[in-house]
Amino acid sequence: MNSTAPNPSPKAPPPPEGDTLYAVRQKVYVRAVTGLFANWRWALVWFTQIVFYGLPWLQWNDRQAVLFHLTERKFYIFGWVFWPQDVFFLAILLIISAYALFFFTAIAGRLWCGYACPQTVYTEIFMWIEEKIEGDRNKRMKLDKAPMSPRKLGIKAAKYGAWGAVALWTGFTFVGYFSPMSELLASVATLGFGPWEMFWILFYGAFTYLFAGVMREQVCKYMCPYARFQAVMFDPDTLVITYDEGRGEPRGARRKGVDSATAGKGDCVDCGICVQVCPTGIDIRNGLQYECIGCAACIDACDQVMDKVGYPRGLIRYSTENAIKRGWGTKEIIGHVFRPRTLVYGTVLIAICVAFVWGLATRDPLRVDIIRDRASLGREVAGGMIENVYRLQVMNMTEVPRNFVFDVKGINGIQIAGDHRVAVEAAATQAVTLQVLVPYDAGKPGANEIVFEIHPEDDPSLKLFEKTTFLFPR
Amino acid sequence: MQKLIQVLWPSFLVAAVVEAVFFTVIDPQALYLLGEPVHYDPLTTYSIGFLAFWLICAASSLTTLYFQRTADEINHPEAH
């Protein structure tokens, strides 16, 4: 990046080898920042967390609106009930997520990381708590250097306590997606959770605490797979957070009110605030680095400094490699959003989305599995008939109880003995045993193909056909 | 610390994927444990399943780490 600038920017010192990589980690004291992109980040913190904390409390059809009910092996999502047989939809959803990630990364870099990733969002929340309790960056650094005192102990205890409370609530909410919230809530007062529910609340809570409170940028730097392969989705037209080296260098401090040309310097006043606000502790002026999560905190910080010294904003800004190299403006950058890579990603994404919606809309609200009763093969019964017995699993995927009617075809004179109907509860499975009778001379010895026809009593137009075989004794 | 993460973290990610795939395909109530049908409640089976997958994957990561040592590290362990 930024290869046009005459003097290369100072390189970061090479990372220490091997085991020391984690040990020598300098704690990053992130300076709080305000501005346009900070507002966006906070908007997404609110949005994602209202959804995450709120969704398990929502009711729908007299049940939890979103519940991945592991015990019942059914996923409830508003009006839908998904069964293990619907794993196809989950697979499609994952493909959509992957393509969406490719698409947005190709256009504007790590949007996901900077604004929506839970790691970013919880770190943001935990840092806000830290700032409220311990004070701003300088106060925090001073506090950490100070010897232990009752005051320090109190402040630290308050911070860890508040973090712990958020973490526990997060763990509780997480488990509420898999175990009904109403049952969990009833257990809160007595802490009478099931052992594994308790385990997972503490497990998820502990990891929230560890990742957002303690490890923070290290998760992105060392543990995130996406950070490692993001580069394959980038190209010279990808919007990334860029320091305009041509404009900024040579950087340096200067007297207030002096313009850059007079001072013989670039626009960068080398205040270092872009480094202080960076949650991963890098210097964006060294060019694009894999540690950069694209949060744009340095843009907000630099813009404020530029305002203060009276230079135009945008010394650090969203730009592309080509734009910096060729001096493009916004119009050219937008013009290059549509390029083969994004068009391919976009087309595939739309196609899969359409397929997903279409599949969901035309999903059969009824499913039947047929198992021939192996214990009694073709058997002669009274009246010169051959009898075969079938076990049918009827799945009612709707949320109303329904009656289903059976019919069978394929051989002359074929009929079902006894009741042709079965009642199935809402979103439930019902096993039915059907005796099917055929005149002894209507088929050939061995297997004969037959078809079961099943339809709901209240909707004859919805017909399901299931093939199976009818056995004649040899 | 770094080695601990190298063993526990990738195995955690893979175990999560395996858990989802395995239990989507297989009903925990249809499993047999030492010849007897599993009588735990599903949440227990899921949880034990996940921890077992994690453990197995961690063993694999640990083995990778073990074989990754260079000749120098094996010949001169005191220097490392």
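Going by an unreviewed UniProt entry, chain A carries the name Cytochrome c oxidase accessory protein CcoG and comes from Parazoarcus communis SWub3 = DSM 12120.

## A look at the UniProt feature "transmembrane region" (unreviewed entry) in chain A
Per the UniProt entry, the sites bearing "transmembrane region" (unreviewed entry) are residues 40–60, 80–102, 160–178, 198–215 and 343–361 of chain A in this numbering. Across residues 160–178 of chain A one finds 84% helix and 0% strand; the C-alpha atoms that close the span lie 28 Å apart.

## Section: the confidence of the model for chain B
Counting all residues, the mean pLDDT for chain B is 86, and 98% of those residues have values of 70 or more. Considering each helix and strand of chain B separately, the mean pLDDT is smallest for strand β2 (residues 36–37) of chain B, with a value of 76, and largest for helix α2 (residues 42–67) of chain B, with 92.

## Focus on the pattern of salt bridges
Residue and element names in this part refer to chain A. For the coordinates displayed, the defined rule picks out 27 salt bridges over all chains. For the salt bridge of glutamate 130 with arginine 140, the shortest nitrogen-to-oxygen distance reads 3.8 Å. Taken together, the positions of glutamate 130 in helix α5 (residues 118–134) and arginine 140 in helix α6 (residues 137–145) put the pair ten residues apart, joining distant regions of the chain. On the basis of relative accessible area, glutamate 130 is assigned to the buried category, the value being 5%. Among the residues examined, arginine 140 registers a relative accessible area of 3% and is labelled buried. Of the charged contacts, one joins arginine 313 and aspartate 307 as a salt bridge, the two residues approaching to 2.7 Å between their closest N and O atoms. Given a relative accessible area of 52%, arginine 313 falls into the exposed group. The network of salt bridges with common partners includes Lys27, Glu130, Glu131, Glu134, Arg140, Asp144, Lys156, Lys159 and Arg216.

## Describing the environment of arginine 31 of chain A
In this fold, arginine 31 of chain A is placed in the loop between α1 (20–23) and α2 (36–54). Put simply, arginine 31 of chain A and histidine 69 of chain A are 38 residues apart on the chain and 42 Å apart in space, counted from C-alpha to C-alpha.

## As for unusual backbone geometry
Residues and elements named next belong to chain A. Cis geometry is found at the peptide bond from glutamate 249 to proline 250, where omega equals -10°. Here proline 250 lies in the loop between α12 (245–248) and α13 (260–263). One non-glycine residue, arginine 216, adopts positive backbone phi at about 45°. Using a relative accessible area of 8% as the deciding quantity, one classes arginine 216 as buried.

## Focus: empty space enclosed by the protein
Residue and element names in this part refer to chain A. Under the criterion given, the structure shown has four cavities of 30 Å³ or more. Size it by volume and the largest cavity reaches roughly 110 Å³. In terms of lining residues, the largest cavity is bounded by 16 residues, among which Cys268, Cys271, Cys274, Cys302 and Ile316 are the most central. The set of elements that each furnish at least two residues to the lining of the largest cavity consists of α14 (273–276) and α15 (297–309). Counted by class, the lining of the largest cavity contains twelve nonpolar, one polar and three charged residues.

## Let's talk about the domain arrangement of chain A
All names here are of chain A. Each domain of chain A was delimited in the assignment, giving domain 1 (31–82 + 117–233) and domain 2 (366–472). For domain 1 and domain 2, the distance between their C-alpha centres works out to 51 Å. Facing seven residues of domain 1, the contacting portion of domain 2 comprises four residues. Each partner contributes to the roughly 350 Å² buried at the junction of domain 1 and domain 2, and carbon and sulfur atoms together form 39% of this total.

## Overview of the sheet that holds strand β3 (residues 66–69) of chain A
All names here are of chain A. With antiparallel pairing, three strands are arranged side by side in an open sheet as β3-β4-β5. For this open sheet the edge positions go to β3 and β5 (80–82), each flanked by a neighbour on one side alone. Each strand axis lies, on average, 10° off the axis of its neighbour in the sheet, ignoring direction. Judged from the four bridges that link them, β3 and strand β4 (residues 74–77) form a sheet pairing that is antiparallel. Bridged to valine 66 within β4 is isoleucine 77.

## With respect to the interface of chain A and chain B
Counting residues at the interface gives 19 residues for chain A and 21 residues for chain B. Here chain A and chain B share an interface that buries about 1,800 Å² over both sides, 73% of which is from carbon and sulfur atoms. Joining chain A to chain B, the criterion identifies one salt bridge. Residues arginine 73 of chain A and aspartate 27 of chain B are paired through a salt bridge, measuring 3.9 Å at the closest nitrogen-oxygen approach. Counting every contact that joins chain A to chain B gives seven residue pairs in polar contact (both at pLDDT 80 or more). Among the elements of the structure, α1 and α9 (195–215) of chain A are those that each provide at least two residues to the side of chain A that touches chain B. Examining the composition of the side of chain A that touches chain B, we find that seven residues originate from one element, α9 of chain A, more than from any other. Class assignment for the residues of the side of chain A that touches chain B results in 13 nonpolar, three polar and three charged.

So, how was this worked out
Residues numbered from 1 in each chain as written. Chains lettered and ligands numbered in written order. Predicted model: local features only at pLDDT ≥ 70, side-chain atom pairs only at ≥ 80, totals over all residues. Heavy atoms only, no water. UniProt positions renumbered as here; feature names shortened; annotations may be inferred. Helix = DSSP H or I, 4+ residues; strand = E, 2+ residues; numbered from the N terminus. pLDDT = per-residue confidence, 0-100. Salt bridge = Lys/Arg side-chain N within 4 Å of Asp/Glu carboxyl O. Buried < 20%, exposed > 50% of the residue type's maximum accessible area, 1.4 Å probe, protein only. 1 Å grid on protein atoms, 1.4 Å probe; cavity = no way out; pocket = protein on both sides within 12 Å on 5 of 7 lines; lining within 4 Å. Points joined across faces, edges and corners; volume = space filled by probe spheres on them. Nonpolar A, V, L, I, M, F, W, Y, C, P; charged D, E, K, R; others polar. Domains from an automatic or database assignment. Contact = heavy atoms within 4.5 Å. Buried area = accessible area lost by both parts, 1.4 Å probe. Pairing = 2+ DSSP bridges. Axes fitted to C-alpha atoms, helices over the stretch in contact; angles between N-to-C directions. Polar contact = N/O pair within 3.5 Å; in protein donor to acceptor, adjacent residues only side chain to side chain.

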